[in-house]
Amino acid sequence: MKISVVGTGYVGLVSGVCLAEKGHQVTCVDIDPAKVEQINQGIPPIYEAGLEALLRKNIGHGLQATTDLRSAVMESELSLIAVGTPFDGQHIDLKYIKAVAEQIGTVLRQKDHYHVVVVKSTVVPGTTDDVVLPILEAASGKKAGESFGVGMNPEFLKEGEAIADFMNPDRIVYGGIDAKTNGVLQEMYSVFSDVDQLATNCKTAEMIKYTANSLLATMISFSNEIGNLCTAVGGIDVVEVMQGVHLDKRLSPILADGRRITPAFTTYLEAGCGFGGSCFPKDVKALVAYGAQRSSPMQILDAVLQVNADQPERMVTLLKKHFPELSGLKIALLGLAFKPGTDDIRESPSIPVAQALLDAGAVVQAFDPIASQEASHVLSGDRITFCPDLSQTLNGVDAVLLMTRWAEFAEIPSLLAGLEQPPLVIDGRRMLPKHSVPRYEGIGL
Ligand code: UGA
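### Digging into the overall build of the chain
Counting its secondary structure elements, the chain contains 16 helices and 14 strands. A globule of 445 residues ought to have a C-alpha radius of gyration of about 22 Å, and the chain, at 24 Å, matches this closely. For the C-alpha atoms alone, the extent of the chain along its principal axes is close to 80 × 50 × 45 Å. By residue count, 52% of the 445 residues in the chain fall in the buried class. Taking the intrachain contacts of the chain between residues at least 6 apart in sequence as the baseline, contacts between residues at least 24 apart amount to 71%.

Structure (structure tokens):
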């Protein structure tokens, strides 16, 4: 099938490259000529594991990039809109979606063949039907459902695992304004066999995306709130509490041979110093704002955000329990990325914690296996240094704050072993056994 993908950011480029790998003829469109040039040379403008290899393999063979939206739409049967939906703190900003819909509509005015326009960006329910469709009709002078179809197809890609998630999806969800649109989407996804596909309307597809992310965010804040209560009560460790909860066979099913499956879902049911990234905080905030607009307050999600906003500060509270005066205290801050496997620091709990430590006069030695450079753009001053490796970061510190679940932090106990004056370790991800270091403190302990 001939497909055009408008927007070559994280979602657009991954989708374009993977659809080409699956045998479609894909044209990626972007307004930035430098990005288009890079993509045509096989160099991805963003980092995502496995992306470069797939791009190099497919570019020039069923995959191309261009700035020419008109010819890309004219020559394809389906266009995916995958441009950004920035969040202004209250609502998602649809200016890029609207601009692209307008441009595609203008091309459709001159196109004789049926074409399907699909929104892939995350947008609140109603956006495709009530914003994109009318713009397409006005710009094309044609009627949706007759000359062209309109659909919505959310993505469920995790940063760092986006290629694997796209190539081996757990589900494919799409919504269309009519059966003909859904038929074209079904054809596009027919290259993925043995995957559950849910065909619905546009609004439901939009709602599924927000609901999926909001559920995971809710699980995290719920676990964090339980952890905070454990801390307040004393004598209860949230790690054991959650182990006991996970052993419910509805959460970790027992197979006929007696073995237990531990679904990845349970990892969202663990206490820590808060969730971050470019999706959960933004999506939950957008849904809360959307509910408020429609007089349907999202009370649970409101609380999910409040718990998460307070969670990083709890690391500082735990530190102050042992060191009431932070001025001059030397702290190792471990992990700057919002999760392991990425250099993305957007909404990372480490950033407000670093800021609070610096504001209180502490001296911070920060380390992240790959996100230090990103973090150095937002954290600066003569009391913060970015260390090149873990052991150097731990050198001579009074306390260690473990903020991101990087696998290499499991080495902390061996690196601290034998020190005469070992630092206090505050485990914000509860990843170290609590007796593995001489002085241990943790979220939910
Ligand atoms: C998230 C969703 O997991 C994807 O399904 C979705 O497609 C994506 O948002 C999106 O909307 O684009 P991502 O933001 O890459 O993906 O991050 P996750 O790996 O889910 O992590 C989000 C937060 O949850 C992080 O702060 C992380 O620390 C926390 N987390 C993650 C856990 O608490 N436990 C885990 O097992 C994984």
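From this point, the discussion proceeds with the structure in view.
### Focus on the domain arrangement of the chain
The domain architecture assigned to the chain consists of domain 1 (2–199) and domain 2 (216–442). Each of domain 1 and domain 2 has a C-alpha centre, and these two points are 35 Å apart. Contacts between the two partners involve eleven residues from domain 1, matched on the other side by 15 residues from domain 2. Considering only the surface of domain 1 that becomes buried against domain 2, F87, P125 and E159 emerge as the three largest contributors, covering 49% of it. In this structure, the connection of domain 1 to domain 2 is made through zero salt bridges. Classifying every residue of the side of domain 1 that touches domain 2 gives four nonpolar, five polar and two charged.

### A closer look at the site of the ligand
Every one of the 19 residues lining the ligand counts as a neighbour, but E159, K209, N213, T267 and Y268 are closest to it. At 2.7 Å, a side-chain N or O of K209 approaches an oxygen atom of the ligand. In the environment of the ligand, an oxygen atom lies 2.7 Å from a nitrogen or oxygen atom belonging to the side chain of Y268. Out of a free accessible area of 700 Å², the ligand has 87% covered by protein chains. Of all the elements in the fold, those that place two or more residues in the shell around the ligand are α9 (202–233) and α11 (280–293). Residues of the shell around the ligand, tallied by class, amount to nine nonpolar, three polar and seven charged. Looking at which domains feed residues into the shell around the ligand, each of domain 1 (2–199) and domain 2 (216–442) supplies at least three.

### A closer look at the sheet that holds strand β12 (residues 399–402)
Taken together, the six strands give an open sheet; going across it, the order is β11-β10-β9-β12-β13-β14, and neighbouring strands pair in parallel fashion. The sheet terminates laterally at β11 (384–386) and β14 (440–442), the two strands that pair on one side only. Here the average twist between neighbouring strands, direction ignored, is 20°. Judged from the three bridges that link them, strand β10 (residues 363–367) and β11 form a sheet pairing that is parallel. Bridge pairing in β11 places Q365 opposite T385. Across the sheet, helix α13 (residues 350–359) is in contact with β9 (330–334), β10, β11 and β12; its angle to β9 comes to roughly 170°.

### Points about the sheet that holds strand β4 (residues 78–81)
To summarise the sheet geometry, strands pair through backbone hydrogen bonds and adopt either a parallel or an antiparallel arrangement. With mixed pairing, eight strands are arranged side by side in an open sheet as β3-β2-β1-β4-β5-β6-β7-β8. Across the chains shown, the open sheet's two edge strands, defined by having one partner strand only, are β3 (63–66) and β8 (196–200). For this sheet the average axis-to-axis angle between neighbouring strands, irrespective of direction, equals 25°. In the packing of α9 onto the sheet, the strands contacted are β6 (148–152), β7 (171–176) and β8, and the crossing angle to β7 comes to about 145°.

### Considerations on a nonpolar patch on the surface
A cluster of nonpolar side chains, namely L229, V233 and I236, defines an oily patch on the protein surface of about 270 Å² accessible area. Among the secondary structure elements, V233 is positioned in helix α9. Relative accessible area serves as the criterion here: at 53%, V233 is assigned to the exposed category.

Reading the values: rules and limits
Residues numbered from 1 in each chain as written. Predicted model: local features only at pLDDT ≥ 70, side-chain atom pairs only at ≥ 80, totals over all residues. Heavy atoms only, no water. Helix = DSSP H or I, 4+ residues; strand = E, 2+ residues; numbered from the N terminus. Rg over C-alpha atoms; globule rule 2.2 N^0.38 Å. Buried < 20%, exposed > 50% of the residue type's maximum accessible area, 1.4 Å probe, protein only. Contact = heavy atoms within 4.5 Å. Domains from an automatic or database assignment. Buried area = accessible area lost by both parts, 1.4 Å probe. Salt bridge = Lys/Arg side-chain N within 4 Å of Asp/Glu carboxyl O. Nonpolar A, V, L, I, M, F, W, Y, C, P; charged D, E, K, R; others polar. Near = heavy atom within 4 Å. Polar contact = N/O pair within 3.5 Å; in protein donor to acceptor, adjacent residues only side chain to side chain. Areas by Shrake-Rupley, 256 points an atom, 1.4 Å probe, with all protein chains shown as cover. Pairing = 2+ DSSP bridges. Axes fitted to C-alpha atoms, helices over the stretch in contact; angles between N-to-C directions. Patch = residues over 30% accessible without salt bridge, like charges linked within 9 Å, V, L, I, M, F, W, Y side chains within 5 Å.

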